[in-house]
Amino acid sequence: MSHQTMKTWYGLFVTILTILIGTTAARCRADESRPPNIIFLLADDLGWNGLGCYGSDLHPTPNLNRLAERGVRFTNAYSACTVCSPTRAAVLSGKYPARLHLTDWIRGQNRPRARLKIPDWTMHLEHREVTVAEAVGPAGYATAHIGKWHLGNNEHSPETQGFDVNIGGTAAGSPPGGYFLPNRLDLPGATEGDYLADRLTDEALQLITDWKSRPFFIYLAYYTVHTPIQGKPELVEHYLNQLERAANPPTSVHINPTYAAMVHSLDESVGRITAKLNELDLFQNTVVIFTSDNGGLSHRMGKPTGITRNNPLRRGKGAAYEGGVRVPLIVAGQNVNHRRECAQPVTSVDFYRTILELTAASGDAAHNRNVDGVSLVPLLRDETAELDRDSIFWHYPHYHAGGGSPYGAVRRGDWKLIEFYEDQHVELYNLADDISEQCNLAAYRPDLADALRDRLHGWRADVGAQMPTSNPSFDPAQAVPRSRKKK
């Protein structure tokens, strides 16, 4: 080949390469100019330590680990409530459950002989509340709800709250008929033996493909890992063999092979979603949020369930302690810094303002005036950023089979105060030194305890929290379920 020919070919190569680079750069600029897609992935009853990147000794979760490496992993993230329905309402509305008067899982638990009578609370998300879907829809977003709804019956279904598409969202709090299809969710195209998490993910993948040319918000609320505990047999066998090979499985935190199989399927589903985003060149134009609605179900009627453990956190779902409300939270995607941990306390009410800022949606001005959360966008983009917030709060005026009695709580900085409504006693913990909440410092720091209790009471008044009242039918012999009576 002559020197002149080589120059000609080289020049042609450079020209083509320049065109390709320019086209790619232009496409990236165009992508960045388009509002990001939002995919909100909500697990059910997944505790803070349930993923490999949060320290699980049985659940490797490679796909969620990779998602965390591509974004920010929050270590002090909280659900708005210790049970599911209130947290879901908080995610969608940006308001504390206490403000919504939706403070328990729907339909809750009735203890007519308990010391306190629970308030007349709201068992649905009211239509007057503006959801994320209703806020981003007018900004040009296609919106879909997939999976668990649990915020009311047909009159309060996802379609009535701004979602263009609803797949599997009913009043049910757990999968009716279980995790193996067909069940009673009437999912389209279900075949015998399909696994629910896989089937819901199939629906999400189809919508991502169908909507790839327009902004979309997909709220994918998995039923996993809520009871009934059912995993794919081959995965159950895999984890059973793994536990049997372990030297001392009883010393492990996670020892339930069926639960591990469920977490495995959840992780596979997240991997399939990120793979589809990569395939369609959408990941960098999408923000993926993964979290849970409350802590793991570690206790029932005062006894360990054998389902999961939340160590080193105390207790689990239904309780006032960290095991009931501290949850995993991973955010990755467009303009989100990579490989970062964030220790600032955040909570479910923050997702509303975060998504509105990410999408440049305005929402409803009257609703926004009473939104309790703050946007997490500064934390996603700047590791030196701090939120302009003094405290976060909880209010649970109910009883729960997981061991909880009516309580309120406040976290400010490293300090957390819990007030138990039956007798108004308080417990004070420094979470930086005592993440397991074993050393109650209320008697040693009375001034701080009083200040935090006053702050909690002031917040309750501000949001109009409903309080339980003295129960005239209180009977100590029948106050708790029969299985918890002492012999």
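The sections below set out a description of the structure shown in this document. (Residues numbered from 1 in each chain as written. Predicted model: local features only at pLDDT ≥ 70, side-chain atom pairs only at ≥ 80, totals over all residues. Heavy atoms only, no water.)

A few points about the overall build of the protein
In terms of helices and strands, the protein carries 13 helices and 17 strands. With 487 residues in all, the protein has 56% of them scored as buried. Across the protein, contacts joining residues at least 24 apart in sequence account for 70% of those joining residues at least 6 apart. If you sum the accessible surface of the protein, you get close to 20400 Å²; carbon and sulfur atoms cover 50% of it. Positive and negative charge centroids in the protein, built from 50 and 53 side chains respectively, lie 3 Å apart. (Helix = DSSP H or I, 4+ residues; strand = E, 2+ residues; numbered from the N terminus. Buried < 20%, exposed > 50% of the residue type's maximum accessible area, 1.4 Å probe, protein only. Contact = heavy atoms within 4.5 Å. Areas by Shrake-Rupley, 256 points an atom, 1.4 Å probe, with all protein chains shown as cover. Lys, Arg positive; Asp, Glu negative; His and termini not counted. Charge placed at Lys NZ, Arg CZ, Asp CG, Glu CD.)

What to know about unusual backbone geometry
A cis amide bond links L181 to the next residue, P182, at an omega of 5 degrees. Mapped onto the secondary structure, P182 falls in the loop between strand 5 (165-167) and helix 6 (196-210). Following N311, the chain continues into P312 via a peptide bond in cis, with omega recorded as 5 degrees. Tracing the backbone shows P312 in the loop between strand 9 (303-304) and helix 9 (322-325). Despite not being glycine, D281 has its phi angle at roughly 55 degrees, a positive value. Secondary-structure assignment places D281 in the loop between helix 8 (257-279) and strand 7 (286-292).

Here's the deal with the packing of aromatic side chains
Following the criterion strictly, the structure yields 16 aromatic pairs and no others. Centroid distance F163 to Y219: 6.2 Å. Interplanar angle 25 degrees. Geometry classified as stacked. In this pair, F163 sits in the loop between strand 4 (142-147) and strand 5 while Y219 sits in strand 6 (residues 216-221), placing the two residues 56 residues apart along the sequence. Side by side, F163 and Y219 carry an identical accessibility label, which is buried. Among the aromatic side chains, those forming a connected cluster through ring pairs are F40, W149, F163, F217, Y219 and F351. Stacked on the ring of F283, the Lys or Arg R70 has its end atom at 3.6 Å from the ring centre. (Phe/Tyr/Trp six-rings, centres within 6.5 Å; stacked < 30°, edge-to-face > 60°. Lys NZ or Arg CZ within 6 Å of the ring centre and 35° of its normal.)

Observations regarding the nonpolar core
One finds L41, L46, L67, I218, L220, I273 and F290 to be the most contacted residues of the largest nonpolar core, which totals 50 residues. Elements that contribute at least two residues to this core include exactly strand 1 (37-43), helix 2 (62-69), strand 4, helix 6, strand 6, helix 8, strand 7 and strand 10 (326-333). Excluding anything up to four places from it in sequence, I218 contacts I38, I39, F40, A144, I146, A204, L207, I208 and W211. (Core = buried A, V, L, I, M, F, W, Y, C linked by side-chain atoms within 4.5 Å.)

Comments concerning helix 6
With 15 residues, helix 6 should cover 21 Å at 1.5 Å per step; its first-to-last C-alpha distance of 21 Å lies within 8% of that length. Of all 15 residues making up helix 6, 11 are buried, and the element is well covered by its neighbours. Three or more residues of helix 6 are buried, namely L196, A197, D198, R199, L200, T201, E203, A204, L205, L207 and I208. Contacts made by the buried residues of helix 6 are with strand 1, strand 4, strand 5, strand 6 and helix 8. (Expected span 1.5 Å × (residues − 1).)

Some words on the sheet that holds strand 14 (residues 407-412)
Pairing is antiparallel in the open sheet, where four strands are placed in the order 13-14-15-16. The outermost strands of the open sheet, each flanked by one partner alone, are strand 13 (392-396) and strand 16 (426-430). If you compare each strand with its neighbour and ignore which way they point, the axes differ by 10 degrees on average. Against the sheet, helix 13 (residues 446-463) touches strand 13, strand 14, strand 15 (415-420) and strand 16, its axis set at about 65 degrees to strand 15. (Pairing = 2+ DSSP bridges. Axes fitted to C-alpha atoms, helices over the stretch in contact; angles between N-to-C directions.)

Overview of the environment of D382
Relative to the assigned elements, D382 resides in the loop between helix 12 (377-381) and strand 13. Sequence separation of D382 and V336 is 46 residues, and the distance between their C-alpha atoms is 8.8 Å. Ignoring any residue separated from it by four or fewer positions in sequence, one finds D382 in contact with N337 and R340.

Some thoughts on the packing of helix 7 (residues 233-245) against helix 8
Relative to each other, helix 7 and helix 8 sit at 125 degrees, their axes nearing to 8 Å. Taken together, the axis directions place helix 7 and helix 8 in an arrangement best described as oblique. Relative to helix 8, the crossing made by helix 7 is right-handed. Seen from helix 7, the contacting residues are L235, V236, Y239, L240 and L243; seen from helix 8, they are P257, T258, A260, A261, H264 and S265. Among the residues making up the contact of helix 7 with helix 8, the classes are represented as eight nonpolar, three polar and no charged. (Parallel < 35°, antiparallel > 145°, perpendicular 65-115°, else oblique. Left-handed = near helix turned anticlockwise from the far one by under 90°. Nonpolar A, V, L, I, M, F, W, Y, C, P; charged D, E, K, R; others polar.)

Considerations on the side chain of D44
Tracing the backbone shows D44 in the loop between strand 1 and helix 2. With a relative accessible area of 0%, D44 lands in the buried category. Setting aside its immediate chain neighbours within four residues, D44 contacts C84, R88, K148, G173, Y222, Y223, T224, V225, H226, S292 and D293.

Focus on the pattern of salt bridges
For the structure on display, the rule yields 22 salt bridges. A salt bridge links E279 to K276, with the nearest nitrogen and oxygen atoms 3.4 Å apart. In this pair, E279 and K276 are both assigned in helix 8, three residues apart and thus about one turn of the helix distant. The class for E279 is exposed, based on a relative accessible area of 55%. Judged by its relative accessible area of 17%, K276 falls in the buried class. Note that E322 is salt-bridged to R326, the shortest N-O span being 2.7 Å. Each member of the pair, E322 as well as R326, carries the same accessibility label: buried. Salt bridges sharing common partners tie together D44, R88, K148 and D293. (Salt bridge = Lys/Arg side-chain N within 4 Å of Asp/Glu carboxyl O.)

Considerations on the pairing of strand 2 (residues 71-78)
For strand 2, a buried count of eight out of eight residues is recorded, marking the element as mostly surrounded by other parts of the structure. Pairing geometry for strand 2 and strand 10, over six bridges, is antiparallel. Each residue of the ladder has a partner; that of R73, found in strand 10, is I330. The sheet contact formed by strand 2 and strand 11 (residues 340-342) spans three bridges and is parallel. Looking across to strand 11, one finds that V72 is bridged to R340. As defined by bridge partners, strand 2 adjoins strand 12 (residues 346-347) across two bridges and the pair is classed as parallel. Note that in strand 12 the partner of Y78 across the bridge is T347.

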